[in-house]
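Tertiary structure, described
Each chain, letter by letter, is given below.
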Amino acid sequence: MAGSTHTVTNQPPPLLGYDVYGTDQALVAAVERHLDPELLDEAHGELSALGRAAGSAQLQEWAVQANENPPRLRTHDRYGHRVDEVDFHPAWHRLLGKGVGAGLTAAWTRPGGHVRRAAGFLVWTQVEAGNGCPLSMTHAAVPALRADPELAAEWVPRLTSMIYERELRPAGQKAGALFGMGMTEKQGGSDVRANTTSARPLAEDGTYVLTGHKWFCSAPMSDGFLVLAQAAEGLTCFLVPRVLEDGTRNRFLIQRLKEKLGNRSNASAEVEFDGTWARRVGEEGRGVRTIIDMVAATRLDCVLGSAGLMRAAVAQALHHCAYREAFGGKLLDKPLMRNVLADLALESEAATVLGLRLARPATTAVSRSGRCCGSRCRPPSTG
Ligand SMILES: Cc1cc2nc3c(=O)[nH]c(=O)nc-3n(C[C@H](O)[C@H](O)[C@H](O)COP(=O)(O)OP(=O)(O)OC[C@H]3O[C@@H](n4cnc5c(N)ncnc54)[C@H](O)[C@@H]3O)c2cc1C
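The paragraphs below set out a description of the structure included in this document. (Residues numbered from 1 in each chain as written. Predicted model: local features only at pLDDT ≥ 70, side-chain atom pairs only at ≥ 80, totals over all residues. Heavy atoms only, no water.)

Within this structure, the stated rule accounts for 22 salt bridges. The salt bridge involving Arg116 is made with Glu42; its shortest N-O contact spans 2.7 Å. Here the residue Arg116 occupies a position in helix α5 (residues 113-125), and Glu42 occupies one in helix α2 (residues 40-54), the gap between them amounting to 74 residues. Judged by relative accessible area, which is 5%, Arg116 ranks as buried. A salt bridge links Arg82 to Asp84, with the shortest nitrogen-to-oxygen separation between them at 2.8 Å. By relative accessible area, which is 33% here, Arg82 ends up partly exposed. (Salt bridge = Lys/Arg side-chain N within 4 Å of Asp/Glu carboxyl O. Helix = DSSP H or I, 4+ residues; strand = E, 2+ residues; numbered from the N terminus. Buried < 20%, exposed > 50% of the residue type's maximum accessible area, 1.4 Å probe, protein only.)

Have a look at this one:
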């Protein structure tokens, strides 16, 4: 009979329409462990709203669209002018806008911000991990920018504003801005001291021009970048704006986008600096010391992002096994499958607990002696 080969049985429905946060008991418990009690109601409400959005059919569809339609580089306009823009699918902008609006770059300015953001980032990774890159770098740039109070006063309010403005305009005209990071060069990624990009000082104090390349610069559509380059005193950290104050484009020549195995919704680029205007951040020769504050914060997000992916995998596995039947019963009821799922859940929960503990502010950290050093810190045995 026509169509009989296409009968679908014994398959689960899509895992949609649930609260990614509220159904994650380990995450909820970690938030309760590390957050001031007076902030809990508000935080639970906010995170549940984000969790319901993350579990919705609409956002899951945006995630698919953002990955099936990866970014495209447009180096020139039709008249031959260099524009160096990256075009994204509208779904990418919607996801990124929601992430910014949920405070995922604003931890530094909100009460209990780091724990709330960490939980939110873990939830948000479960919708679409690629847009976590610009969210992470924008969040992480703040402590490095604070090496220069004047620059921090100018940029931090934009980076933490919870407003997503995608157009490239002078940052001073924008209510919200994104940041990226350019360290890696062809000859060295881990060993950034091998960087060859050079910085020549200009007449105005603290300003330079850069010449060189970056082999990996993710989120190249951002408004500003912290980069490393060699100045007279050695490797130094610089702020490179995409658009200069007078509205002209800085020399930020995107050579090509990386063809990546993962992280496909997000653009990663090779960039050439050729007379590129830059502002020094921190002292000359102290570039690694300055930018390491940004690097460290992005590495926390590597923990949180990985924990989020683990949780997503566990949720999918549990859902699948709750519906799929084999040998006369649901997979979820088979003792050996329960062992496998319990192992997965254990590792996922451990990663969640670790990620949230790393994210809590230092003032509530446990000292090496094992004693609490903050009045609101609960001892680790409660974890
Ligand atoms: C998706 C993606 C996005 C990225 N985005 C950015 C970005 O936005 N900005 C940016 O600057 N970079 C970015 N990078 C580059 C990334 O930071 C580098 O790839 C990373 O620093 C490693 O450098 P490398 O690839 O040159 O490897 P190498 O430094 O050549 O290292 C190769 C291997 O050797 C190991 N190794 C290195 N040193 C030692 C040592 N002393 N002892 C033992 N093992 C060692 C490394 O762990 C690695 O496994 C991105 C990379 C990816 C994949």
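Glycine aside, residues mostly have negative phi angles, and peptide bonds mostly take the trans form. In the Ramachandran plot, Met162 falls in the positive-phi region, its phi being about 65 degrees despite a non-glycine side chain. Take Met162: it is sitting in the loop between α7 (149-159) and β3 (179-182).

Left-over empty space is what a probe sized like a water molecule reveals as it rolls over the atoms. Scanning the entire structure with this criterion turns up two cavities of 30 Å³ or more. If you add up the space inside the second largest cavity, you get close to 30 Å³. Along the walls of the second largest cavity sit Trp155, Arg169, Pro170, Ala171, Asp223, Pro241, Arg242 and Val243, which together make up its complete lining. Taken together, the residues of the lining of the second largest cavity break down into five nonpolar, no polar and three charged. (1 Å grid on protein atoms, 1.4 Å probe; cavity = no way out; pocket = protein on both sides within 12 Å on 5 of 7 lines; lining within 4 Å. Points joined across faces, edges and corners; volume = space filled by probe spheres on them. Nonpolar A, V, L, I, M, F, W, Y, C, P; charged D, E, K, R; others polar.)

Scanning the entire structure with this criterion turns up five aromatic pairs. Centroid distance Phe225 to Phe252: 4.6 Å. Interplanar angle 25 degrees. Geometry classified as stacked. With Phe225 in strand β6 (residues 224-231) and Phe252 in the loop between β7 (234-241) and β8 (253-257), this residue pair connects regions lying 27 residues apart in the sequence. Summarising the burial analysis for this pair, Phe225 and Phe252 share the class buried. Clustering of aromatic rings is evident, with ring pairs tying together Phe225, Phe252 and Phe273. The aromatic ring of Trp155 is capped on one face by Arg158, whose charged end is 4.8 Å from the ring centroid. For Lys258, the ring lying beneath its charged end belongs to Phe216, and the centroid distance is 4.9 Å. (Phe/Tyr/Trp six-rings, centres within 6.5 Å; stacked < 30°, edge-to-face > 60°. Lys NZ or Arg CZ within 6 Å of the ring centre and 35° of its normal.)

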